[in-house]
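# Structural overview for review
Residues per chain, in single letters:
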Amino acid sequence: MRPIASAGIVAVGTELLTPHRIDTNSLYLTAQLNEIGIDVRSKCVVGDGVADLESAIRHLLDQVDVVLLTGGLGPTADDLTREAAAAVLGRTMHEDAALVDQLRQRFAARGFAMPEINRRQAQVPEHAIVLPNAHGSAPGLWLDHDERVVVLLPGPPRELQPMFEASVRGRLAARAGARVLRRRVIKIAGQPESRVDEVAAPIYEPLLRQTPSIETTILASPGQVELHVSARGTKTDELDAALEQAVQALARALGASVFSTDGRAIERVVGERLRERGLRIALAESCTGGMIAARLTDTPGSSAYLTGGVVAYSNEVKHRQLGVAPETLNALGAVSEAVASAMAEGVRERLRADIGLAVTGIAGPDGGTPEKPVGTVCFAVAGPGTYRETVTRRVPGDRDVIRQWSVMVALDLVRRALR
Ligand code: ATP
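Presented here is a report on the structure given in the accompanying data block. (Residues numbered from 1 in each chain as written. Predicted model: local features only at pLDDT ≥ 70, side-chain atom pairs only at ≥ 80, totals over all residues. Heavy atoms only, no water.)

## Quick notes on the overall build of the chain
For the chain, the count of helices and strands is 13 helices and 17 strands. For the C-alpha atoms alone, the extent of the chain along its principal axes is close to 80 × 60 × 40 Å. Sorting the 419 residues of the chain into buried and exposed places 48% on the buried side. Taking the intrachain contacts of the chain between residues at least 6 apart in sequence as the baseline, contacts between residues at least 24 apart amount to 68%. For the chain, the exposed surface amounts to about 19,500 Å²; the carbon and sulfur share of it is 50%. Taken as two groups, the 48 positive and 50 negative side-chain charges of the chain have centres that lie 5 Å from each other. (Helix = DSSP H or I, 4+ residues; strand = E, 2+ residues; numbered from the N terminus. Buried < 20%, exposed > 50% of the residue type's maximum accessible area, 1.4 Å probe, protein only. Contact = heavy atoms within 4.5 Å. Areas by Shrake-Rupley, 256 points an atom, 1.4 Å probe, with all protein chains shown as cover. Lys, Arg positive; Asp, Glu negative; His and termini not counted. Charge placed at Lys NZ, Arg CZ, Asp CG, Glu CD.)

## With respect to the packing of helix H6 (residues 193–209) against helix H7 (residues 236–254)
Closest axis-to-axis distance for the H6/H7 pair is 9 Å, and the angle between their directions is 155 degrees. The angle between H6 and H7 falls in the class roughly antiparallel. For the crossing formed where H6 meets H7, the hand is right-handed. Across the interface between the two elements, Val196, Val199, Ala200, Ile203 and Leu207 of H6 pack against Ala246, Ala249, Leu250, Ala253 and Leu254 of H7. When the residues that make up the contact of H6 with H7 are grouped by side-chain class, the tally is ten nonpolar, no polar and no charged. (Axes fitted to C-alpha atoms, helices over the stretch in contact; angles between N-to-C directions. Parallel < 35°, antiparallel > 145°, perpendicular 65-115°, else oblique. Left-handed = near helix turned anticlockwise from the far one by under 90°. Nonpolar A, V, L, I, M, F, W, Y, C, P; charged D, E, K, R; others polar.)

## Brief notes about the site of the ligand
In the neighbourhood of the ligand, 21 residues make up the surrounding shell, with Asp23, Thr24, Gly72, Gly74 and Gly155 lying closest. Between Asn25 and the ligand, the recorded distance is 3.2 Å, taken from a backbone N or O atom to a nitrogen atom. In this structure, an oxygen atom belonging to the ligand sits 3.4 Å away from a side-chain N or O atom of Asp79. Contact with the protein chains covers 76% of the free accessible surface of the ligand, which is 620 Å². When each cavity is represented as a set of grid points, the ligand is found to reside in the largest pocket. Partitioned by chemical class, the residues of the shell around the ligand number nine nonpolar, eight polar and four charged. (Near = heavy atom within 4 Å. Polar contact = N/O pair within 3.5 Å; in protein donor to acceptor, adjacent residues only side chain to side chain. 1 Å grid on protein atoms, 1.4 Å probe; cavity = no way out; pocket = protein on both sides within 12 Å on 5 of 7 lines; lining within 4 Å. Sits in = over half its atoms within 2 Å of the grid points.)

## Side note on the sheet that holds strand E12 (residues 258–260)
Read from one edge of the open sheet, four strands run E10-E11-E9-E12, paired in antiparallel fashion. Each having just a single partner strand, strand E10 (214–221) and E12 make up the two edges of the open sheet. Between one strand axis and the next, the sheet turns through 30 degrees on average, direction left out of account. As paired elements, strand E9 (residues 180–189) and strand E11 (residues 224–233) share ten bridges and run antiparallel to each other. Across the sheet, the residue bridging to Ile186 is Leu227, located in E11. The strands touched by H6 within the sheet are E9, E10 and E11, with E10 carrying the most contacts at an inclination of about 170 degrees. (Pairing = 2+ DSSP bridges.)

## A short note on the side chain of Asn25
In this structure, Asn25 sits in helix H1 (residues 25–35). On the basis of relative accessibility, which here comes to 7%, the residue Asn25 falls in the buried class. Side-chain polar atoms of Asn25 contact the backbone oxygen of Gly155, separated by 2.7 Å. Setting aside residues no more than four positions away along its own chain, Asn25 makes contact with Thr70, Pro154, Gly155, Pro157 and Leu160.

## Looking at the sheet that holds strand E16 (residues 376–382)
Read from one edge of the open sheet, five strands run E14-E13-E15-E16-E17, paired in mixed fashion. Only two strands of the sheet have a single neighbouring strand rather than two, namely strand E14 (306–311) and strand E17 (388–394). Recorded for the sheet is a direction-independent mean angle of 10 degrees between the axes of neighbouring strands. As paired strands, strand E13 (residues 281–285) and strand E15 (residues 355–361) are joined by five bridges and run parallel to one another. The partner of Leu283 across the bridge, within E15, is Leu357.

## Section: the layout of surface pockets
Estimates place the volume of the largest pocket at around 410 Å³. Lining the largest pocket are 26 residues; nearest its centre among them are Glu15, Gly71, Gly72, Gly155 and Pro156. Mapped by element, the contributors of at least two residues to the lining of the largest pocket are strand E1 (6–12) and helix H5 (157–175). For the lining of the largest pocket, the residue count by class is nine nonpolar, ten polar and seven charged. Size it by volume and the second largest pocket reaches roughly 320 Å³. (Points joined across faces, edges and corners; volume = space filled by probe spheres on them.)

## Quick look at the state of the cysteines
Throughout the structure, instances matching the rule amount to zero disulfides. Unpaired in this structure, Cys287 has its nearest cysteine sulfur neighbour in Cys378, at a distance of 9.2 Å. Judged by its relative accessible area of 3%, Cys287 falls in the buried class. (Disulfide = S-S within 2.5 Å.)

## Re the pattern of salt bridges
Applying the stated rule across the entire model yields 21 salt bridges. The partner of Arg2 in a salt bridge is Asp65, with the nearest N and O atoms 3.3 Å apart. Here Arg2, found in the segment before E1, pairs with Asp65, found in the loop between helix H2 (50–63) and strand E3 (66–70); they are 63 residues apart in sequence, far enough to count as distant. Note on Asp65: relative accessible area 7%, which makes it buried. Two residues, Glu345 and Arg388, come together in a salt bridge whose shortest N-O distance is 2.5 Å. On the criterion of sequence distance, the pair formed by Glu345 in helix H12 (residues 337–350) and Arg388 in strand E17 is long-range, its members being 43 residues apart. Several salt bridges converge on common partners, so that one network encompasses Glu95, Arg104, Glu116 and Arg119. (Salt bridge = Lys/Arg side-chain N within 4 Å of Asp/Glu carboxyl O.)

## Quick notes on the environment of Leu219
Structurally, the position occupied by Leu219 is in strand E10. For Leu219, a relative accessible area of 42% translates into the label partly exposed. Sequence spacing of Leu219 and Lys187 is 32 residues, and the spatial spacing of their C-alpha atoms is 9.6 Å. Ignoring anything within four residues of it in the chain, the contact list for Leu219 reads Gln224, Val225, Glu226 and His228.

Here it is as structure tokens:
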């Protein structure tokens, strides 16, 4: 049989054609397929119309080895992915009695009788392999068609991802040929993209011409730059060794601003350092409004090192809750290193932590002055022990960018304090 080398993805759902929902399933699927050496050649978003769906499937079947569809497997009349796929492949549908039973049991376990419309989800095209759904009612379907494959997956990411991993990835990998793609990600804080490229290009350019050839791409987001290095080939060990060498050379050249080479996010790196050293942090956030707390608490188990935080937006809260002197606020203004520093000291003491981290800035669009334009942000770290650091940074961009960027700078200051 011919190996499966190329894929097409169809994200199904009229809601994905509105400005309110975006298709993220195809990003997840692309990353997964690339890892097992399958290239995504085409993807599209199609509404719930059966004719549109059929034409998308037909078109992709002419172009690629596997077509993956996500969504439209629900019980309602507008969920037509099953019907469209069966029509294109010329299969009749039948009700799978075992599936009806499973659906009934699923509802019974929650104390409900199964609504009759859910029987639709037990409709299976002939010769299909049913893919169990551990997290929802819609089963997936695997359909072989000559040497090609059509795979139907549920829309909700929390159903699709475990189903792909449990039932699809292995089946595709077994038919994907021996070529794989391996990738590493280097994450860098607080450097402009152009600066990172200036340092990294002399290292990564020759790597493209070596064997195995290593490709590098740069991705920037507020306060963070990522270098993605990847290599394709048949020998995983050899690819991983070549990538490790490349990562080491790049990380050495980029120095202390590299905070991870294994994909970890900054809040994870900071959390792990705090945990290793048995230290606890408290946050005093003004312009970031709790975003740093949200990031740190993204990691399960963060209560081991985060005591809490105060969103100190008004001067009154800066004074009353954190003990910032009104004279300092009046004389220097809320956005000043002296205020940031007093906020950090105050929160460290009042929330009984080893480290206080404070951010106060002008996120805009209003509130800027010639001396302190929009984008001026002051940061302070108090602790551990006698360690003290205060900095002021200016960042271009709109409110959203300024706030996201401030979160990165703040967390990076703590990372550096813990080196
Ligand atoms: P269900 O049984 O839950 O109805 P389904 O397979 O019919 O499953 P849809 O109804 O198409 O799935 O989508 C359900 C939800 O899943 C959507 O409202 C959306 O939140 C999410 N979703 C669907 N498709 C995508 C996608 N391509 N990317 C991200 N989220 C998606």
